[in-house]
Amino acid sequence: MHADLRECAVRIGEMRLRQVTLREIRMPLVTPFETSFGRTEVRRILLVEADVDGVMGWGECVAGEGPFYGPETVETAWHILRDFLWPAVRGKEFAAAAEIEGLLAAIRGHNMAKAALEAAVWDAEARQKELPLWKLLGGERQEIPCGVSIGLQENDDELERQVEKEMAAGYQRIKIKIKPGRDVAPVARLRRRFPRIRLMVDANSAYQLRDLPVFQELEAYFLMMIEQPLGWDDIWSHAELQRKLQTPICLDECIHSEEHARAAIAQGACRIINIKLGRVGGYSAARRIHDLCRDQSVPVWCGGMLESGIGRAHNIALSTLANFSLPGDVTASRRYWTEDIIEPEVTVSQQGTIRAPSGPGIGYEPRRARIEALTVRREDLA
Ligand code: OSB
Ligand code: MG
């Protein structure tokens, strides 16, 4: 073949990142969200806009305002994106968003920063191919089951009102946050009031193995699962605890990679895994964990991180994979925001489901004027 032709053939289907724009927006939550590690009133959200050969894709970094859920923050993510991730992809050709992970592999950790960039490229690739992202990912569910995560409340009356409201809205399962001193009593009360609902608790690593009696007491209330009771990076102690409990443990904070998931399952540290794109470093890792869990008969569900519409839309796409068989923390925009940054907003049916969108990419359009108005900081990387 002539050299020019070969050059041409090699380049068909190749993509290149032309520019990346980082933005920080601030969005006040409709009501503050409290967990065992802290309280959030205003979300600082880092958005990544990627220009892939003129097609724009969007990703959201789920790092928190402080290093309390995991080690990353908005500031560390911005630094890593600008100073390490962007230089690792700048000018590189790739055939698919699935190759981004490999380009970023030399940078250790910083999964939330990586996932935001990778997700933006997935959105752009799907838009370029005029496909819904969920189909490009191999998703099979047209409708995804939804649950809600209810933060720590002022008192148990208020908690009961919240549960009533969310059940009336159609959500299929209720998760409440717990912490030492605010665990057995609220669960017992909710179970008395709602004997048959699918109920679970999330401790966000607030307990230690010596708190075993608390979890033994919780066994009486038929919880679907107990999410991340022990140390954020301590798989071994969860295996100790799971051996002593009938109630399934679900790991969130502990699982950062396929290797962590394999170790946790092999050790018996959990029977369910919560997958978050940010925590595991993007779609490539999320799909591997999904496939591993499917092969090991471990159900998974999609966690949430108080995302704006962009991150919410990505969570919907991920949740269409077949083994996302349990209701996720993927909910309507209006639960968190007076006005979201996507069009249309995410809505949930009276059956507690979200319909996978039919439009290209994430299937929701970023509302540029609103994003611009909320932006407090912007940097173009070229
Ligand atoms: O542990 O799942 C968690 C929010 C922030 C940080 C961690 C968690 C959560 C939630 C809320 O539970 C999930 C959501 O509705 O976005
Ligand atoms: Mg959790």
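Given the structure is predicted, the values throughout are model-derived calculations rather than measurements. (Residues numbered from 1 in each chain as written. Chains lettered and ligands numbered in written order. Predicted model: local features only at pLDDT ≥ 70, side-chain atom pairs only at ≥ 80, totals over all residues. Heavy atoms only, no water.)

### Looking at the site of ligand 1
Close to ligand 1 lie 17 residues, the nearest being S149, K177, N204, L306 and Y336. Interatomic distance of 2.9 Å between a side-chain N/O atom of K177 and an oxygen atom of ligand 1. Taken by itself ligand 1 offers 390 Å² of open surface, and the protein chains cover 97% of this. The residue makeup of the shell around ligand 1, split by class, is 6 nonpolar, 3 polar and 8 charged. (Near = heavy atom within 4 Å. Polar contact = N/O pair within 3.5 Å; in protein donor to acceptor, adjacent residues only side chain to side chain. Areas by Shrake-Rupley, 256 points an atom, 1.4 Å probe, with all protein chains shown as cover. Nonpolar A, V, L, I, M, F, W, Y, C, P; charged D, E, K, R; others polar.)

### Structural notes on the packing of aromatic side chains
Throughout the structure, instances matching the rule amount to 5 aromatic pairs. Aromatic side chains Y336 and W337 sit 6.4 Å apart centroid to centroid with 50° between the ring planes, which places their arrangement in the tilted category. For W337, a relative accessible area of 2% corresponds to the buried category. An aromatic cluster is built from F33, Y336 and W337, whose rings are joined through pairwise contacts. Stacked on the ring of W301, the Lys or Arg R173 has its end atom at 4.9 Å from the ring centre. The residue whose ring lies beneath R335 is Y336, and the NZ or CZ to ring-centre distance is 5.1 Å. (Phe/Tyr/Trp six-rings, centres within 6.5 Å; stacked < 30°, edge-to-face > 60°. Buried < 20%, exposed > 50% of the residue type's maximum accessible area, 1.4 Å probe, protein only. Lys NZ or Arg CZ within 6 Å of the ring centre and 35° of its normal.)

### With respect to helix α10 (residues 258-267)
The set of residues buried in α10 consists of E258, A261, A264 and I265. Taken end-on, α10 shows its buried residues confined to a sector of 125°, consistent with a single buried face. Of the residues in α10, the exposed ones pointing more than 90 degrees away from the buried face are E259 and A266. Buried residues belonging to α10 abut α9 (235-243), β10 (249-251), β11 (272-275) and α12 (283-295). G268 lies just past α10 and shows a positive phi near 75°. (Helix = DSSP H or I, 4+ residues; strand = E, 2+ residues; numbered from the N terminus. Arc of directions from axis to C-beta. Contact = heavy atoms within 4.5 Å.)

### Here we look at unusual backbone geometry
The amide bond that connects E343 to the next residue, P344, takes the cis arrangement and shows omega of -10°. Mapped onto the elements, P344 comes out in the loop between β13 (342-343) and β14 (353-355). Positive phi, normally seen in glycine, also occurs at D53, with a value near 50°. Tracing the backbone shows D53 in the loop between β2 (38-52) and β3 (55-61). The partly exposed category is assigned to D53, whose relative accessible area is 37%. One non-glycine residue, S297, lies in positive phi territory at about 60°.

### Quick notes on the environment of E41
With respect to the helices and strands, E41 occurs in strand β2. With 294 residues separating them in the primary sequence, E41 and R335 have C-alpha atoms 14 Å apart. Leaving out residues up to four positions away in the same chain, E41 has contacts with M27, P28, L29 and P32. A distance of 3.2 Å separates polar atoms of two side chains, one belonging to E41 and the other to R39.

### Regarding the packing of α10 against α12
Between α10 and α12, the least distance of the axes is 9 Å, while the angle of their chain directions is 20°. Looking at the two axes, α10 sits roughly parallel to α12. When you trace α10 past α12, the crossing you get is right-handed. Contacts between α10 and α12 involve E258, A261, R262 and I265 from the first element and R288, I289, L292 and C293 from the second. Class assignment for the residues of the contact of α10 with α12 results in 5 nonpolar, no polar and 3 charged. (Axes fitted to C-alpha atoms, helices over the stretch in contact; angles between N-to-C directions. Parallel < 35°, antiparallel > 145°, perpendicular 65-115°, else oblique. Left-handed = near helix turned anticlockwise from the far one by under 90°.)

### Details of the sheet that holds strand β9 (residues 226-227)
With respect to topology, 7 strands assemble into an open sheet ordered β6-β7-β8-β9-β10-β11-β12, the strand pairing being parallel. Because the sheet does not close on itself, it has two edges, and the strands there are β6 (148-150) and β12 (300-302). In terms of strand pairing, strand β8 (residues 199-202) meets β9 through 2 bridges, oriented parallel. Note that in β9 the partner of V201 across the bridge is I226. Across the sheet, α12 touches β11 and β12, and the angle it forms with β11 is around 165°. (Pairing = 2+ DSSP bridges.)

### Structural notes on the pairing of strand β1 (residues 15-35)
Two elements, β1 and strand β4 (residues 93-94), share 2 bridges in a ladder whose sense is antiparallel. What sits directly across from M15, in β4, is F94. Here β1 runs beside β2; their pairing, made up of 14 bridges, is antiparallel. Bridging across to β2, M27 finds its partner in R43.

### Some remarks on the pairing of β3
Residues in a regular strand point their side chains to alternate faces of the sheet. Of all 7 residues that make up β3, 5 are buried, and the element is covered over most of its length. Summarising the sheet, β2 and β3 pair through 7 bridges and their orientation is antiparallel. Counterpart to V48 in the pairing with β3 is G59. Connecting β2 to the next strand, β3, in antiparallel fashion are 2 residues, including D53 with a positive phi near 50°.

### Looking at helix α2 (residues 74-89)
Residue pairs three or four apart in sequence face the same way in an α-helix, which turns once every 3.6 residues. Maximum bend of α2: about 45°, positioned at L81. Those residues of α2 that fall on the buried side of the exposure criterion are V74, A77, W78, I80, L81, L85, W86, A88 and V89. Those residues of α2 hidden inside the fold are in contact with β1, β2, β3, α3 (100-103), α4 (111-128) and β16 (375-381). Of the residues trailing α2, G91 is marked for its positive phi of about 80°. (Bend = angle between axes of the 7 residues up to and from the residue.)

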